[in-house]
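# Results of the structural survey
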Amino acid sequence: MLKYSRQREAIKNFLMTRHDHPTADVVYSNVRTEFPNISLGTVYRNLTLLADLGEISRLRVGDGVDHFDADTHPHYHFVCNECGSVTDLETEGIDRVLEAASRHFDGLVQGHVTYFYGLCPHCMQKAQKTS
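Now for a quick tour of the structure. (Residues numbered from 1 in each chain as written. Predicted model: local features only at pLDDT ≥ 70, side-chain atom pairs only at ≥ 80, totals over all residues. Heavy atoms only, no water.)

### Things to note about the overall build of the protein chain
Put simply, the rule is: For the purposes of this entry, the term helix denotes a DSSP run of H or I that reaches at least four residues, the term strand denotes a run of E that reaches at least two, and both are numbered from the N terminus. Under the scheme applied here, a residue whose accessible area is under 20% of the maximum for its type counts as buried, over 50% as exposed, and between as partly exposed, the area being computed with a 1.4 Å probe on protein chains only. Here, two residues are considered to be in contact whenever any of their heavy atoms come within 4.5 Å of each other.
Along the backbone of the protein chain there are 5 helices and 5 strands. Starting at the N terminus and ending at the C terminus, the protein chain contains elements arranged as α-α-α-β-β-β-β-α-β-α. The principal-axis extents of the C-alpha atoms in the protein chain amount to approximately 50 × 50 × 25 Å. A burial count over the protein chain gives 31% of its 131 residues as buried. The long-range share in the protein chain, meaning contacts at least 24 apart out of those at least 6 apart in sequence, stands at 46%.

Printed below as a string of C-alpha coordinates:
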(Lines give C-alpha, C1' and ligand atoms only; values in the text may rest on other atoms or scores of the structure.)
Protein backbone atom coordinates (compact mmCIF):
# COMPACT_ATOMS: atom_id res chain seq x y z
CA MET A 1 0.00 0.00 0.00
CA LEU A 2 1.34 3.38 -1.02
CA LYS A 3 1.60 5.98 1.74
CA TYR A 4 -0.64 9.02 1.21
CA SER A 5 1.14 12.19 0.14
CA ARG A 6 -0.48 15.64 0.08
CA GLN A 7 2.04 16.74 -2.54
CA ARG A 8 1.25 13.76 -4.79
CA GLU A 9 -2.46 14.42 -4.36
CA ALA A 10 -1.94 18.11 -5.29
CA ILE A 11 -0.02 17.07 -8.42
CA LYS A 12 -2.80 14.71 -9.47
CA ASN A 13 -5.51 17.28 -8.69
CA PHE A 14 -3.67 19.91 -10.75
CA LEU A 15 -3.46 17.54 -13.72
CA MET A 16 -7.18 16.84 -13.47
CA THR A 17 -7.88 20.53 -14.02
CA ARG A 18 -5.81 20.66 -17.22
CA HIS A 19 -6.48 19.46 -20.72
CA ASP A 20 -3.30 20.83 -22.32
CA HIS A 21 -1.06 17.95 -21.18
CA PRO A 22 1.51 19.97 -19.19
CA THR A 23 5.18 19.13 -18.73
CA ALA A 24 6.75 18.48 -15.32
CA ASP A 25 8.05 22.06 -15.29
CA VAL A 26 4.52 23.44 -15.69
CA VAL A 27 3.23 21.10 -12.98
CA TYR A 28 6.09 22.18 -10.70
CA SER A 29 5.43 25.91 -11.26
CA ASN A 30 1.77 25.51 -10.39
CA VAL A 31 2.06 23.10 -7.45
CA ARG A 32 4.65 25.42 -5.86
CA THR A 33 1.87 27.93 -5.15
CA GLU A 34 0.42 25.41 -2.68
CA PHE A 35 3.73 23.83 -1.60
CA PRO A 36 6.44 26.52 -1.88
CA ASN A 37 9.19 24.16 -0.65
CA ILE A 38 8.44 21.34 -3.10
CA SER A 39 11.39 20.46 -5.32
CA LEU A 40 11.36 19.76 -9.04
CA GLY A 41 12.79 16.33 -8.23
CA THR A 42 9.81 15.56 -5.98
CA VAL A 43 7.43 16.55 -8.77
CA TYR A 44 9.30 14.34 -11.27
CA ARG A 45 9.32 11.37 -8.86
CA ASN A 46 5.61 11.71 -8.13
CA LEU A 47 4.68 12.09 -11.81
CA THR A 48 6.71 8.97 -12.60
CA LEU A 49 5.09 7.07 -9.73
CA LEU A 50 1.57 8.13 -10.75
CA ALA A 51 2.29 7.13 -14.37
CA ASP A 52 3.75 3.78 -13.29
CA LEU A 53 0.63 3.13 -11.18
CA GLY A 54 -1.59 3.96 -14.17
CA GLU A 55 -3.24 6.90 -12.39
CA ILE A 56 -2.02 9.33 -15.07
CA SER A 57 -0.59 8.93 -18.56
CA ARG A 58 2.90 9.95 -19.66
CA LEU A 59 3.01 11.19 -23.26
CA ARG A 60 6.21 11.20 -25.28
CA VAL A 61 5.34 13.17 -28.39
CA GLY A 62 8.83 13.65 -29.80
CA ASP A 63 9.70 17.08 -28.40
CA GLY A 64 12.17 15.74 -25.84
CA VAL A 65 10.01 16.30 -22.74
CA ASP A 66 7.31 14.21 -21.14
CA HIS A 67 3.77 15.55 -21.04
CA PHE A 68 1.22 14.29 -18.53
CA ASP A 69 -2.50 13.56 -18.81
CA ALA A 70 -4.90 12.77 -15.96
CA ASP A 71 -7.33 11.24 -18.46
CA THR A 72 -6.31 7.59 -18.71
CA HIS A 73 -9.17 6.31 -20.86
CA PRO A 74 -8.09 5.22 -24.37
CA HIS A 75 -7.92 8.29 -26.62
CA TYR A 76 -5.66 9.89 -29.21
CA HIS A 77 -3.60 13.07 -29.10
CA PHE A 78 -2.81 15.78 -31.62
CA VAL A 79 0.57 17.56 -31.53
CA CYS A 80 0.95 20.91 -33.28
CA ASN A 81 4.15 21.05 -35.34
CA GLU A 82 4.24 24.85 -34.98
CA CYS A 83 3.51 25.71 -31.33
CA GLY A 84 4.02 22.26 -29.79
CA SER A 85 0.62 22.14 -28.09
CA VAL A 86 -0.73 18.70 -27.24
CA THR A 87 -4.51 18.26 -27.25
CA ASP A 88 -6.97 15.42 -27.07
CA LEU A 89 -8.23 14.28 -30.44
CA GLU A 90 -11.66 12.76 -30.19
CA THR A 91 -12.04 9.96 -32.69
CA GLU A 92 -14.17 6.91 -33.09
CA GLY A 93 -12.88 3.48 -33.86
CA ILE A 94 -10.18 2.90 -31.26
CA ASP A 95 -11.50 -0.66 -30.79
CA ARG A 96 -11.37 -1.26 -34.56
CA VAL A 97 -7.67 -0.30 -34.58
CA LEU A 98 -6.93 -2.93 -31.92
CA GLU A 99 -8.98 -5.52 -33.82
CA ALA A 100 -7.13 -4.75 -37.08
CA ALA A 101 -3.74 -5.00 -35.35
CA SER A 102 -4.67 -8.31 -33.72
CA ARG A 103 -6.00 -9.86 -36.92
CA HIS A 104 -2.54 -10.72 -38.31
CA PHE A 105 -0.66 -11.14 -35.03
CA ASP A 106 -0.51 -14.40 -33.09
CA GLY A 107 0.16 -12.66 -29.76
CA LEU A 108 -2.14 -10.50 -27.64
CA VAL A 109 -2.33 -6.79 -28.49
CA GLN A 110 -3.32 -4.99 -25.31
CA GLY A 111 -3.06 -1.37 -26.37
CA HIS A 112 -1.39 1.16 -28.62
CA VAL A 113 -0.14 4.73 -28.74
CA THR A 114 -0.79 6.94 -31.73
CA TYR A 115 -0.05 10.62 -32.13
CA PHE A 116 -1.36 12.81 -34.93
CA TYR A 117 0.76 15.77 -36.05
CA GLY A 118 -0.07 18.92 -38.00
CA LEU A 119 -1.21 22.48 -37.32
CA CYS A 120 -3.61 23.34 -34.53
CA PRO A 121 -6.51 25.70 -35.40
CA HIS A 122 -4.69 28.70 -33.88
CA CYS A 123 -1.48 28.13 -35.86
CA MET A 124 -3.49 27.42 -39.00
CA GLN A 125 -5.23 30.80 -38.67
CA LYS A 126 -1.88 32.51 -38.10
CA ALA A 127 -0.43 30.85 -41.20
CA GLN A 128 -3.44 31.90 -43.33
CA LYS A 129 -3.14 35.54 -42.18
CA THR A 130 0.54 35.73 -43.16
CA SER A 131 0.09 34.15 -46.59
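### So, the packing of aromatic side chains
To describe a pair of aromatic rings, one takes the distance between the centres and the angle between the planes. Here is the rule we go by: The criterion for an aromatic pair is that two Phe, Tyr or Trp rings (for Trp, the six-membered ring) have centres within 6.5 Å, with stacked assigned to planes under 30 degrees apart, edge-to-face to planes over 60 apart and tilted to the rest.
Tallied over the full model, the rule gives 1 aromatic pair. Taking the centre distance of 5.6 Å and the plane angle of 90° together, the rings of Y76 and F116 count as edge-to-face. Separated by 40 residues along the polypeptide, Y76 in strand β3 (residues 76-80) and F116 in strand β5 (residues 115-118) bring together distant segments of the chain.

### Some details on the pairing of strand β1 (residues 57-60)
Cut-off, in case you're wondering: Pairing between two strands is assigned when DSSP locates at least 2 bridges connecting them.
Examined bridge by bridge, β1 and strand β2 (residues 66-69) share 4 bridges and lie antiparallel to one another. Considered in β2, the bridge of S57 is made with D69. The turn joining β1 and β2, which pair antiparallel and follow one another in sequence, is formed by 5 residues; a positive phi near 100° is taken by G62.

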